[in-house]
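If you want the building blocks of each chain, they are given just below.
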Amino acid sequence: MFGGLYALSNLDQTFPYVIEIVFAFKGEGKGRRSTLMEMIRESLAEALVEFYPFAGKIVMGSDGKMAVRYTGEGVPFIEAMSENEIGMLGDISAIDPPTL
């Protein structure tokens, strides 16, 4: 890591894409939800310390190649609840951000 930049591999340069992940599960009681969400949030924060490039921003380096600038901003973490069944969203394996 030089100057806050993390160089991407040649493969990453050739096939850049954004990774979007949605985790959904059926709750087992209102009291456990906040504990579970806090555990997931803390685990993600700990993982990003070790894998800090995942918490950065894609930028163009001075050599014209993509790199990750380590900003320390972390990643978006959104928690949502619904009284509806998860099946109403349809196939959540095909991410459709407007639907979610």
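Residues numbered from 1 in each chain as written. Predicted model: local features only at pLDDT ≥ 70, side-chain atom pairs only at ≥ 80, totals over all residues. Heavy atoms only, no water.

## Overview of the pairing of strand 3 (residues 66-69)
Note on strand geometry: in a regular strand, side chains alternate between the two faces of the sheet.
Part 1 of the argument: By the bridge criterion, three bridges tie strand 1 (residues 5-7) to strand 3 in an arrangement that is antiparallel. Within the sheet, the bridge partner assigned to Ala7 lies in strand 3 and is Ala67.
Part 2 of the argument: By the bridge criterion, four bridges tie strand 2 (residues 57-60) to strand 3 in an arrangement that is antiparallel. Considered in strand 3, the bridge of Lys57 is made with Arg69.
Part 3 of the argument: The hairpin turn running from strand 2 into strand 3, its antiparallel successor, is five residues long, and Gly64 in that turn takes a positive phi close to 85°. (Pairing = 2+ DSSP bridges. Helix = DSSP H or I, 4+ residues; strand = E, 2+ residues; numbered from the N terminus.)

## Quick look at the confidence of the model for the protein
Part 1 of the argument: Across the protein, the average pLDDT comes to 77, with 82% of residues at 70 or higher.
Part 2 of the argument: Across the protein, the element-wise mean pLDDT spans from 82 in helix 2 (residues 30-50) up to 86 in strand 3. (pLDDT = per-residue confidence, 0-100.)

## Thoughts on the sheet that holds strand 2
Part 1 of the argument: Reading across from one edge, 1-3-2 is the order of the three strands in this open sheet, with antiparallel pairing throughout. Strands with a single pairing partner mark the edges of an open sheet, and in this sheet they are strand 1 and strand 2. Averaged over all pairs of adjacent strands, the angle between strand axes in this sheet comes to 40°, irrespective of strand direction. (Axes fitted to C-alpha atoms, helices over the stretch in contact; angles between N-to-C directions.)

## Brief notes about a nonpolar patch on the surface
Part 1 of the argument: Together, Leu11, Phe15, Tyr17, Ile19, Ile21 and Phe23 give the surface a local cluster of nonpolar side chains, amounting to about 820 Å² of exposed area.
Part 2 of the argument: When its relative accessible area of 65% is taken as the criterion, Tyr17 is described as exposed. (Patch = residues over 30% accessible without salt bridge, like charges linked within 9 Å, V, L, I, M, F, W, Y side chains within 5 Å. Areas by Shrake-Rupley, 256 points an atom, 1.4 Å probe, with all protein chains shown as cover. Salt bridge = Lys/Arg side-chain N within 4 Å of Asp/Glu carboxyl O. Buried < 20%, exposed > 50% of the residue type's maximum accessible area, 1.4 Å probe, protein only.)

## Looking at the environment of Val59
Part 1 of the argument: You can see Val59 is positioned in strand 2.
Part 2 of the argument: We classify Val59 as partly exposed; its relative accessible area is 22%.
Part 3 of the argument: If we ignore the near neighbours within four places in the chain, the residues touching Val59 are Leu5, Lys65, Met66, Ala67 and Arg69. (Contact = heavy atoms within 4.5 Å.)

## Quick notes on the environment of Ile86
Part 1 of the argument: Among the secondary structure elements, Ile86 is positioned in the segment after strand 3.
Part 2 of the argument: According to the relative accessible area criterion, Ile86 is partly exposed, its value standing at 48%.

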